[in-house]
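Coordinates in review
Chain by chain, the residues run as shown.
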Amino acid sequence: MQVLLKSAESGVETRCSVCGQGFVMFWERQTRMERGEAMREIEATLRHHHHVSDGANVHPTKGFLVPSWDGPIAFSGAAILGNAPVWAL
């Protein structure tokens, strides 16, 4: 399952536990079990951003996928099935 995250100031659905940055999320699938698993992976990914970079901009400014994917973000399952708007890509 993929989740597309985009940093946001409003409509925030999750926050980084380290810096408090907010994100909106676009989901590929939405069962309760999948969401729980994805949330654990999202939290780990957001913490990992702080381990590999310092400063104010540790999280990607554009939308990013969890788990990461090498293809174009617009063609990801999360973007397509989650009906992600253009501003999130």
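Residues numbered from 1 in each chain as written. Predicted model: local features only at pLDDT ≥ 70, side-chain atom pairs only at ≥ 80, totals over all residues. Heavy atoms only, no water.

1. Some details on unusual backbone geometry
- In this structure, the amide linkage connecting V66 to the following residue, P67, adopts the cis form with an omega of -10°.
- Within the secondary structure, P67 sits in the loop between β4 (64–66) and α2 (77–81).
- We note that N83 has phi near 55°; this positive angle belongs to a residue other than glycine.
- Inspection of the secondary structure puts N83 in the segment after α2. (Helix = DSSP H or I, 4+ residues; strand = E, 2+ residues; numbered from the N terminus.)

2. As for the side chain of Q2
- In this structure, Q2 sits in the segment before β1 (3–7).
- Polar side-chain contacts of Q2 include one of 3.1 Å to the backbone nitrogen of G77. (Polar contact = N/O pair within 3.5 Å; in protein donor to acceptor, adjacent residues only side chain to side chain.)

3. Remarks on the side chain of H59
- Secondary-structure assignment places H59 in the loop between α1 (32–52) and β4.
- Residue classification places H59 among the buried positions, given a relative accessible area of 9%.
- A polar contact is formed between the side chain of H59 and the side chain of H49, at a distance of 2.8 Å.
- Among the polar contacts listed, one links the side chain of H59 to the side chain of H50, at a separation of 3.3 Å.
- Dropping the residues within four chain positions of it, H59 is found in contact with C16, C19, Q21, F23, L46, H49 and H50. (Buried < 20%, exposed > 50% of the residue type's maximum accessible area, 1.4 Å probe, protein only. Contact = heavy atoms within 4.5 Å.)

4. Topic: the nonpolar core
- Core analysis: the biggest nonpolar cluster contains eleven residues, these being V3, L5, C16, F23, M25, W27, A38, I42, L46, F64 and V66.
- Where this core is concerned, the elements lending two or more residues are β1, β3 (22–27), α1 and β4.
- Beyond its immediate sequence surroundings of up to four residues, A38 is in contact with M1, V3 and W27.
- Counting nine residues, the second largest nonpolar core, distinct from the first, contains L4, V24, F26 and A78. (Core = buried A, V, L, I, M, F, W, Y, C linked by side-chain atoms within 4.5 Å.)

5. Notes on the sheet that holds β1
- Taken in spatial order, the four strands line up as β2-β3-β1-β4 in an open sheet, and their pairing is antiparallel. This sheet does not close on itself; its edge strands, each paired only once, are β2 (14–15) and β4.
- Bridge count between β1 and β3: five bridges; the pairing is antiparallel. Bridged to K6 within β3 is V24.
- Sitting on the sheet, α1 touches β1, β2, β3 and β4, and the angle it makes with β3 is about 140°. (Pairing = 2+ DSSP bridges. Axes fitted to C-alpha atoms, helices over the stretch in contact; angles between N-to-C directions.)

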